[in-house]
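Architecture at a glance
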Amino acid sequence: MQGIRKNTTQQYFLDGTGCYRFKLNETSVEKHQTLRSPPTKSDPKFLKTSRRTPSYEQFIVPQRHKNERLQFARSNMPTDWNKIIFSDEKKFNLDGPDGYAHYWRDLRKDPMYSSKRNFGGGSLMVWAAFCGNGTVALSFIGTRTNSQDYQQLLAQHLLPYLRRRRRANMIYQQDNASVHASNSTLAWFAAKNVVLLDWPACSPDLNPVENLWSVLVRRVYANAKQYTTVNDLKRAIRAEWDGLDKSLLQSLVGSMPNRIFEIAQKQGGITHY
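No experiment lies behind these values; they were computed from the predicted model shown.

1. Some points on the packing of helix α1 (residues 63-75) against helix α8 (residues 256-265)
- Where α1 contacts α8, the axes come no closer than 9 Å and their chain directions differ by 130°. Here α1 is positioned oblique relative to α8, judged by the angle of their axes. The element α1 and its partner α8 pack so that their crossing is left-handed. On α8, the residues that touch R69, L70, F72 and A73 of α1 are I260, I263 and A264.
- The residue makeup of the contact of α1 with α8, split by class, is six nonpolar, no polar and one charged.

What follows is the structure, given as structure tokens:
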């Protein structure tokens, strides 16, 4: 079995979150594995072809971000995570989820192909938020959302949720994307009396929404690997989001003390989450 082939000269580039990561060419993320099980998978007539995007473990977190993550962990040891509303955005495609995809191929037969649409009409962006007590209504947003679009989204989805909860000392979590941290957006939060959680950069492993996305992607594409229209995909995403079990949400929120402890244990390094 061959593993992932790496470049002899590793090149790095700075991504939008302030982290450095490997610059990989196409051959760097191809893997071919001989089928071995089940039931008799040593037959060379079969081949598993897979392609994946680099994982978070391939990020190189600068020391200053490690320090910020460590300080965040120390400052939030006593935090009541049930008071936090976690949020994030994700792209969904008509042709299936981004990232890892594979199938077992019989080399005696022609390979299978799936249709592929050009970007534009073939995907959509989703904003989601949740806390231990439930989910906030989904919002389908544009791929080029600006600060005003984001504020309007929050006014339509976050503020009504907070009013229903009578605020209850809830704190809103968001990452450090430019539209989230712009002066205009921060002024909007202050005007609306929304309390923000001071969130460290390069920390998707700290956000349980990332784990919730994995569950949602698996369910959305379980019965339909591809969708014909964006509206079909929207209906599937909304149905799965509305059907999320509260025990799953509570379990993810309940994992936050362990995430914080692991950050402190690793001196700001990456956790297994």
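2. Observations concerning the nonpolar core
- Among the nonpolar cores identified, the biggest contains 37 residues, and W81, F92, F130, L233 and I237 are the most heavily contacted of them.
- In terms of residues, this core owes the most to one element, helix α5 (residues 208-220), which gives seven residues.
- Contact partners of I237, with chain neighbours within four places excluded, come to F92, L124, V126, L138, F140, L216 and V220.
- Core analysis: the next-biggest nonpolar cluster, separate from the first, contains 19 residues, M125, W127, I141 and Y161 among them.

3. Some thoughts on the packing of aromatic side chains
- Tallied over the full model, the rule gives nine aromatic pairs.
- Between Y221 and Y227 the ring centres are 6.0 Å apart and the planes differ by 70°, which places this aromatic pair in the edge-to-face class.
- Using a relative accessible area of 4% as the deciding quantity, one classes Y221 as buried.
- Among the residues examined, Y227 registers a relative accessible area of 12% and is labelled buried.
- Ring-pair connections join several aromatic residues into one group, and the members of that group are F72, W81, F86, F130 and W199.

Cut-offs and rules
- Residues numbered from 1 in each chain as written.
- Predicted model: local features only at pLDDT ≥ 70, side-chain atom pairs only at ≥ 80, totals over all residues.
- Heavy atoms only, no water.
- Axes fitted to C-alpha atoms, helices over the stretch in contact; angles between N-to-C directions.
- Helix = DSSP H or I, 4+ residues; strand = E, 2+ residues; numbered from the N terminus.
- Parallel < 35°, antiparallel > 145°, perpendicular 65-115°, else oblique.
- Left-handed = near helix turned anticlockwise from the far one by under 90°.
- Contact = heavy atoms within 4.5 Å.
- Nonpolar A, V, L, I, M, F, W, Y, C, P; charged D, E, K, R; others polar.
- Core = buried A, V, L, I, M, F, W, Y, C linked by side-chain atoms within 4.5 Å.
- Buried < 20%, exposed > 50% of the residue type's maximum accessible area, 1.4 Å probe, protein only.
- Phe/Tyr/Trp six-rings, centres within 6.5 Å; stacked < 30°, edge-to-face > 60°.

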